[in-house]
Amino acid sequence: MNAKKQLALFGGPPVRDRLFPRYNPIGAEEKDAAVRVVESGVLSQFMGSWCDGFNGGPEVRSLEQEWLTQFGSRHAVAVNSASSALVCALGAAGVGPGDEVIVTPFSMCISATAPLFWGAIPVFADVEPRHFCLDPDSVESKVTPRTRAILAVDIFGHPCDFVRLRQIADRHGLLLIEDASQAPLAHLNGKRAGTLGDIGVFSLNCHKHIHCGEGGVAVSDDDSLAERMRLIRNHAEAVAGPKGETNLVNLVGHNMRMTEIEAAIAREQLKKLPGLVEKRRENCARTVDRLTRIPAISFGGLRPGASHSFYLLPLLFDAQEAGCPRDRFLEAVKAELRPTQGREKEGVKLYGGYVKPIYMLPIFQQRIALGKNGFPFSLAPQVDYSPGICPVVEDLHSNGIFCHDLMHAAMSAQDLDDVCTAFDKVWELRRHL
Ligand SMILES: *Cc1c(COP(=O)(O)O)cnc(C)c1O
């Protein structure tokens, strides 16, 4: 057999012998911004009391101002992570022990576990088979008299069906929280992701489109929700009295404050965001165009009225059409490629599935979260976390979907073509798998 036509998995020459470029959006502008703050000597200006510094220093306040201009919301509250922002949002919403919050099983874990921090109960709904976001029909079927909120995630960078989620939320008097950590600058019907719910949350951790090390931003058009988030961010209980707050529900604050250095870096990153998202979109268009010529691979498409910001590129895989299991196919593709610079140990960043459905985590399977007596699950014996409760997500994760970020803004046309050529080669030689 022609050596070129042997799979690298079986000792043939790989499609690519160079590492892929690393995605690093941090440059001279961020360095200068950080130096400016360090030289000022003011690394944070938050004060945990009701005074001028309660809402932070100049960099934090400027970041919030620029964020709300970019995203078109009335308020922005900068915090130290999106995880903090989600906990803060649910606290501000008044969610409490035994309240139910409908969540997705297909996201980073905090998108489903944030309610636990207030003693509330995550209730899992299933996802859409082609868009992977919360399925509105499944959501509606999970609403009970105890439901207080829906926490929807724009997974991979594609907005949820907020038209229908909004109808459901309004019909049942629920708060709608949007985790847009993966979807900055995605749109639905002309509105930016993050502004489609009552509160939206963004992440600035180092894996996201833009980052400042660690950080997050919550946005809202609601004055009272935003003010309550500012309180929870910064030791609410110490401030409630002097400020004259009368609604003390969940005003047990924390330190979720962002530093001035992070805010200064995030301001520079925000300027770069449109260009970085645009490049990802171009790269994904090129990749999708080529990969979907393979009959077993398809892209789920965009929701009408939506744009995608491609944190990851999710693709559907039809094992029957391919005649071999997804993970075996991907193993062969990975053997044709090389890892990413600086992340060699992680191997080729191509993933069969995404995350295991979150209800499979031990805390849900064993119903142990706060303390050793099963609180808060003990308040909700009726809520089921058995394997099988969300069949669509289970099938996607174990068979139907794969994803990768080998389309980020530092990937050249040649890099993208190598990825696609590896898929083509494995497709052609799949009978050997
Ligand atoms: C990254 C991520 C988070 C958490 O972000 P942190 O800033 O690390 O807390 C939450 N939700 C989703 C969907 C994410 O991708």
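Counting restarts for each chain: residues are numbered from 1 in the order of the written sequence. In keeping with the model being predicted, local features are shown solely for residues with a pLDDT of at least 70 and side-chain atom pairs are shown and tallied solely at 80 or more, while totals for entire chains, interfaces and linings include all residues. Each side-chain value is derived from all of the structure's non-hydrogen atoms; neither hydrogens nor water enter the calculation.

Caption draft 1: Representation of the site of the ligand in the model. By convention in this text, a residue qualifies as near a molecule or strand provided that one of its non-hydrogen atoms is within 4 Å of it. In the vicinity of the ligand lie 15 residues, with Ser83, Asp179, Ser203, Asn205 and Lys208 positioned nearest. Ser83 places a polar side-chain atom, nitrogen or oxygen, 2.5 Å from an oxygen atom of the ligand. The side chain of Asp179 places a nitrogen or oxygen atom 2.6 Å from a nitrogen atom of the ligand. Using a grid of 1 Å spacing that covers the protein atoms alone, one calls a set of points a cavity when a 1.4 Å probe fits there but cannot get out, and a pocket when the set is open and has protein on both sides within 12 Å along at least five of seven lines; lining residues are those with an atom within 4 Å of a point. A molecule is counted as occupying a cavity or pocket when more than half of its atoms fall within 2 Å of that pocket's grid points. When each cavity is represented as a set of grid points, the ligand is found to reside in the largest pocket. We count a stretch as a helix when DSSP gives it H or I for four or more residues in a row; a strand needs E for two or more, and each element gets its number in order from the N terminus. For the shell around the ligand, the secondary-structure elements that each account for two or more residues are helix 3 (82-92) and helix 4 (110-113). Throughout this description, a polar contact denotes any pair of N or O atoms lying within 3.5 Å of each other; where both atoms belong to protein, one of them has to be capable of donating a hydrogen while the other can accept it, and for residues adjacent in sequence the pair is counted only when both atoms sit in side chains.

Caption draft 2: Seen up close, the state of the cysteines. What counts as a disulfide here is a pair of cysteine sulfur atoms lying within 2.5 Å. Under the definition given, this model contains 0 disulfides. A disulfide-free cysteine, Cys420 has its sulfur positioned 10 Å from the sulfur of Cys284, the nearest such atom. Only protein chains enter the calculation, and the probe is 1.4 Å; a residue is then buried if its accessible area is under 20% of its type maximum, exposed if over 50%, and partly exposed in between. Judged by its relative accessible area of 1%, Cys420 falls in the buried class.

Caption draft 3: The arrangement of the pattern of salt bridges in detail. When a carboxyl oxygen of Asp or Glu lies within 4 Å of a side-chain nitrogen of Lys or Arg, that pair is called a salt bridge. Overall, the coordinates contain 31 salt bridges when judged by the stated rule. Linking Asp170 and Arg166 is a salt bridge whose minimum nitrogen-to-oxygen distance equals 3.5 Å. Placement of the pair is Asp170 and Arg166 together in helix 6 (residues 162-172), with a separation of 4 residues, close to one helical turn. Its relative accessible area of 53% is what places Asp170 among the exposed residues. Classification of Arg166 by relative accessible area gives partly exposed; the value is 23%. Through salt bridges that share partners, Arg36, Glu59, Glu66 and Arg267 make up one connected network.

Caption draft 4: Region of interest: the environment of Val383. Within the element layout of this structure, Val383 appears in the loop between helix 12 (362-365) and helix 13 (391-400). Classification of Val383 as buried rests on a relative accessible area of 9%. Taking the C-alpha atoms as reference, Val383 lies 14 Å from Thr113; in sequence the two are 270 residues apart. Contact criterion: two residues are considered in contact whenever any of their non-hydrogen atoms come within 4.5 Å of each other. Residues in contact with Val383, not counting those within four places in the same chain, are Glu100, Ile121, Pro122, Val123 and Arg367.

Caption draft 5: Focus on the layout of surface pockets. Grid points are joined across faces, edges and corners, and a volume is the space filled by probe spheres set on the points. Each pocket or cavity is described by its volume, and for the largest pocket that value is around 870 Å³. As for the largest pocket, its lining consists of 41 residues, and the residues nearest its centre are Asn205, Cys206, His207, Lys208 and Tyr311. The element that contributes the greatest number of residues to the lining of the largest pocket is helix 3, accounting for 3 residues.

Caption draft 6: Quick peek at empty space enclosed by the protein. If you walk through the whole model with that rule in mind, you get 3 cavities of 30 Å³ or more. A volume near 50 Å³ is recorded for the largest cavity. Around the largest cavity, the lining residues are Arg130, His131, Phe132, Ile155, Phe156, His158, Phe299, Gly300, Gly301, His308 and Pro314. Partitioned by chemical class, the residues of the lining of the largest cavity number 5 nonpolar, 5 polar and 1 charged. Here the second largest cavity defines a volume of roughly 50 Å³. Lining the second largest cavity we find Trp67, Ala180, Ser181, Pro184, Phe202, Ser203, Leu204, Lys208, His209 and Ile210. Here the term charged refers only to Asp, Glu, Lys and Arg, the term nonpolar to Ala, Val, Leu, Ile, Met, Phe, Trp, Tyr, Cys and Pro, and the term polar to all other amino acids, Gly among them.

Caption draft 7: How the structure looks around the packing of helix 1 (residues 28-40) against helix 9 (residues 260-291). Only the contacting stretch of a helix is used when fitting its axis, a line to C-alpha atoms as for every element, and angles between N-to-C directions run 0 to 180 degrees. At a minimum axis separation of 8 Å, helix 1 and helix 9 run at an interaxial angle of 155 degrees. Comparing their axes, helix 9 and helix 1 come out roughly antiparallel. Along this stretch, helix 1 crosses helix 9, giving a crossing that reads as right-handed. Touching Glu29, Glu30, Ala33, Ala34, Arg36, Val37 and Val38 of helix 1 are Glu260, Ile261, Ala264, Ile265, Arg267, Glu268, Gln269 and Lys272, all from helix 9. A per-class count over the contact of helix 1 with helix 9 returns 7 nonpolar, 1 polar and 7 charged. Orientation labels follow simple angle bins: below 35 degrees gives roughly parallel, above 145 gives roughly antiparallel, 65 to 115 gives roughly perpendicular, and whatever is left gives oblique. For any pair of crossing helices, the crossing counts as left-handed if the nearer helix is rotated counterclockwise from the farther one by less than a right angle, and right-handed if it is rotated clockwise.

Caption draft 8: The arrangement of helix 11 (residues 326-336) in detail. When helix 11 is considered as a whole, its buried residues turn out to be Arg326, Phe329, Leu330, Ala332, Val333 and Glu336. Looking down the long axis of helix 11, one finds its buried residues gathered within 160 degrees of arc, a one-sided arrangement. Lining the buried residues of helix 11 we find strand 12 (313-317), helix 10 (319-322), strand 13 (350-352), helix 13, strand 14 (401-404) and helix 14 (413-428). What the arc measures is the spread of directions leading from the helix axis to the C-beta atoms.

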